[in-house]
Amino acid sequence: MDSFKKQIPVWLKRGLKAAAFLLIFAFLLNAASVILTPKVNKREDGSSEAIHFGYRGEPKDSLDIVMVGNSDLYNAIIPIELYQYFGIAGYAGGRPYESAMGAWRQSRDILRYHRKPKVLIFETDCLFQEASQKSWDWTNWKNIRESVQEHWKTLKKYSDNKLNDALGTKLGSLLPAVKYHSNWKKLTLQDFIDPFHRAYHYAGKGYILNIKCKPYKGGFDYMEPGRTQKAALSRQAKAALKKVMDACHKRGIQLLLADMPSSKSWSYEKHRAVASFAQENGVAFLDMNIEAQEGRFPFDWMTDTRDAGSHLNLSGAQKTTAYLGEYLKAHYDLPDRRQDPQYDSWKDDMIRFQELRAQKAVQEAKEEKARKAKAVQGPAASGSGFKKLPSN
């Protein structure tokens, strides 16, 4: 018994040391993630974290509309075209896998830099992210495990892109320090002085450019009543919306709930859940799925999606952006910034965005050519599948 008592302090010391080590490790990993995250004006390695915080690089209090949400948002709205065609200065601050509370925190961060925009657009698919997280855990970790096994030989030739492909974008977004480990070679003094990208500027204003096309053949079948289980806003989702509503009310900002076209993540049942909340709380709600389904703007799932219905491509984003611009101009008193000399830099961003589009088109054409060449050469390189008959 005496020896057992003597051992307790030893266990306690070891436990405290282990806890201290984990805390220090977590702090250093988080600091490294902030510093190593790319701060470039393009997605050279598929990264997008810095782009989502690009509103920090805009002149303070210069945005008239701000937007928060998940990947549906930054694949569907092109803010620089809102400026080009409607004179609206805005930023799409969406992030992948964003939850309702995450969108609230993003809203709070945006309002530190742009204290009183005219309109805050809250993309509503993220309201159901908590519910989908429950199904994410086991299914996706199983997929990650299988992907790692499949890519094991590739991982031996270690690179950021291959690791990200093997582990998936979810884990990559959780551990940027691992995902972008090799960026230490590109670090500058600015990365340490301004690690949170406050000086970051992105011509696309949050939009992630993608011109690929992979059709969805079901049309708007996903919006038919009864195709999915009844959807309801969780307590956490409602709490996040209440926080956003309170912040908007205090600052005199008009709140617009909006959902972008997505056949994979949206449904009529989700529309009903959000529409009910909006009506009960006197908040405007614009569901682009309904608007497109009812023909209020031209949209075609055969040409306007990059991944068979989950996200929009450039064609779809241009159509959705044009309709949103018309809606905003019709329902809100927004200034036209195109003749405002304080926004002349946006004209430069328009030119830069056009250059990015041209570069992307060239890149996609090369990749498509390579894919076709590989498809033709594949059978010859690996064998046709027929055994060669012995000669007589």
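The structure under discussion appears in the preceding block.
Quick look at the structure, then. On a predicted model such as this, the values are computed, not experimentally measured, just so you know.

Focus: the overall build of the protein
(1) Moving on: When its secondary structure is counted, the protein shows 15 helices and five strands.
(2) Moving on: The burial tally for the protein puts 46% of its 392 residues in the buried class.
(3) Moving on: Counting only carbon and sulfur atoms, one obtains 56% of the accessible surface of the protein, whose full area is about 21600 Å².

A few points about the nonpolar core
(1) Moving on: If you look at the biggest cluster of nonpolar residues, it comprises 86 residues, and the most contacted ones within it are Leu 120, Phe 122 and Leu 257.
(2) Moving on: Aside from chain neighbours lying at most four places away, what touches Leu 257 is Phe 122, Thr 124, Leu 241, Val 274, Phe 277, Ala 278, Val 283, Ala 284, Phe 285 and Leu 286.

So, the pairing of strand 3 (residues 119-123)
For a regular strand, side-chain orientation follows a simple rule: the groups alternate between the two sheet faces.
(1) Moving on: The buried fraction of strand 3 is high, at five of five residues.
(2) Moving on: Covered by surrounding structure in strand 3 are Val 119, Ile 121 and Glu 123 together with Leu 120 and Phe 122, the residues of both alternating faces.
(3) Moving on: In this sheet, strand 3 lies alongside strand 1 (residues 65-69) in parallel orientation, the contact comprising four bridges. Bridge pairing in strand 3 places Met 67 opposite Ile 121.
(4) Moving on: Direction of pairing for strand 3 relative to strand 4 (residues 254-259): parallel, over a ladder of five bridges. Among the inter-strand pairings, Leu 120 is bridged to a residue of strand 4, identified as Leu 255.

Remarks on the packing of aromatic side chains
(1) Moving on: Inspection of the entire model under this criterion finds 15 aromatic pairs.
(2) Moving on: Measuring from centroid to centroid gives 6.0 Å for Phe 220 and Tyr 222, while their planes differ by 35°, and the two rings are tilted.
(3) Moving on: The buried category is assigned to Tyr 222, whose relative accessible area is 5%.
(4) Moving on: When the centroid spacing of 4.9 Å and the interplanar angle of 85° are considered together, the rings of Phe 299 and Trp 301 count as edge-to-face. There is no split in this pair, since Phe 299 and Trp 301 are both buried.
(5) Moving on: Taken together, the aromatic side chains of Tyr 216, Phe 220, Tyr 222, Phe 297, Phe 299, Trp 301 and Tyr 323 make up a single cluster linked through ring pairs.
(6) Moving on: Cation over ring: Lys 205 sits above Trp 346, and NZ or CZ is 4.0 Å from the ring centre.

Some remarks on the side chain of Lys 205
(1) Moving on: Considering the arrangement of structural elements, one finds Lys 205 in the loop between helix 10 (189-193) and helix 11 (235-251).
(2) Moving on: One polar contact links Lys 205 to Glu 58, side chain to side chain, over a distance of 2.8 Å.
(3) Moving on: Not counting chain neighbours up to four residues away, the residues in contact with Lys 205 comprise Glu 58, Pro 79, Ile 80, Gly 90, Tyr 91, Ala 92, Trp 346 and Asp 349.

A closer look at helix 14 (residues 314-331)
(1) Moving on: Between the first and last C-alpha of helix 14 there are 25 Å, a value that for 18 residues agrees with the 26 Å anticipated at 1.5 Å per step.
(2) Moving on: Looking only at helix 14, the buried set comprises Leu 314, Gly 316, Ala 317, Thr 320, Thr 321, Tyr 323, Leu 324, Gly 325, Tyr 327 and Leu 328.
(3) Moving on: The backbone nitrogen of Ser 315 lies 3.2 Å from a side-chain oxygen of the residue at the head of helix 14, namely Asn 313.

Thoughts on the pattern of salt bridges
(1) Moving on: Enumeration over the complete set of coordinates arrives at 20 salt bridges.
(2) Moving on: Residue Arg 227 pairs with Asp 221 through a salt bridge whose shortest N-O separation is 3.8 Å.
(3) Moving on: Classification of Asp 221 as buried rests on a relative accessible area of 18%.
(4) Moving on: The partner of Glu 364 in a salt bridge is Arg 371, and the shortest N-O contact between them spans 2.9 Å.
(5) Moving on: Ionic contacts of the salt-bridge type, sharing partners, join the residues Arg 56, Asp 109 and Arg 112 into one network.

Examining the sheet that holds strand 1
(1) Moving on: What the five strands build is an open sheet, ordered 2-1-3-4-5; its pairing is parallel. Each having just a single partner strand, strand 2 (90-94) and strand 5 (284-287) make up the two edges of the open sheet. Adjacent strand axes in the sheet meet at a mean angle of 20°, parallel and antiparallel pairs treated alike.
(2) Moving on: Packing of helix 5 (residues 100-113) onto the sheet brings it into contact with strand 1, strand 2 and strand 3, and relative to strand 1 it is tilted by some 155°.

Re the packing of helix 5 against helix 11
(1) Moving on: The contact between helix 5 and helix 11 brings their axes to 8 Å, and the two run at 20°. Classed by the angle they form, the pair helix 5 and helix 11 counts as roughly parallel. Helix 5 and helix 11 meet at a crossing whose hand is left-handed. The residues of helix 11 that touch helix 5, namely those facing Ala 100, Met 101, Trp 104, Ser 107 and Leu 111, are Gln 236, Ala 237, Ala 239, Ala 240, Lys 243, Val 244, Ala 247 and Arg 251.
(2) Moving on: Of the residues that constitute the contact of helix 5 with helix 11, the class distribution is nine nonpolar, two polar and two charged.

Looking at unusual backbone geometry
(1) Moving on: Positive phi, normally seen in glycine, also occurs at Asp 61, with a value near 60°.
(2) Moving on: Assignment of secondary structure puts Asp 61 in the loop between helix 2 (49-52) and strand 1.
(3) Moving on: Phi is positive for Lys 205, close to 55°, though the residue is something other than glycine.
(4) Moving on: Residue Lys 205 is classed as buried on the basis of its relative accessible area, which comes to 0%.

Conventions used here
- Residues numbered from 1 in each chain as written.
- Predicted model: local features only at pLDDT ≥ 70, side-chain atom pairs only at ≥ 80, totals over all residues.
- Heavy atoms only, no water.
- Helix = DSSP H or I, 4+ residues; strand = E, 2+ residues; numbered from the N terminus.
- Buried < 20%, exposed > 50% of the residue type's maximum accessible area, 1.4 Å probe, protein only.
- Areas by Shrake-Rupley, 256 points an atom, 1.4 Å probe, with all protein chains shown as cover.
- Core = buried A, V, L, I, M, F, W, Y, C linked by side-chain atoms within 4.5 Å.
- Contact = heavy atoms within 4.5 Å.
- Pairing = 2+ DSSP bridges.
- Phe/Tyr/Trp six-rings, centres within 6.5 Å; stacked < 30°, edge-to-face > 60°.
- Lys NZ or Arg CZ within 6 Å of the ring centre and 35° of its normal.
- Polar contact = N/O pair within 3.5 Å; in protein donor to acceptor, adjacent residues only side chain to side chain.
- Expected span 1.5 Å × (residues − 1).
- Salt bridge = Lys/Arg side-chain N within 4 Å of Asp/Glu carboxyl O.
- Axes fitted to C-alpha atoms, helices over the stretch in contact; angles between N-to-C directions.
- Parallel < 35°, antiparallel > 145°, perpendicular 65-115°, else oblique.
- Left-handed = near helix turned anticlockwise from the far one by under 90°.
- Nonpolar A, V, L, I, M, F, W, Y, C, P; charged D, E, K, R; others polar.

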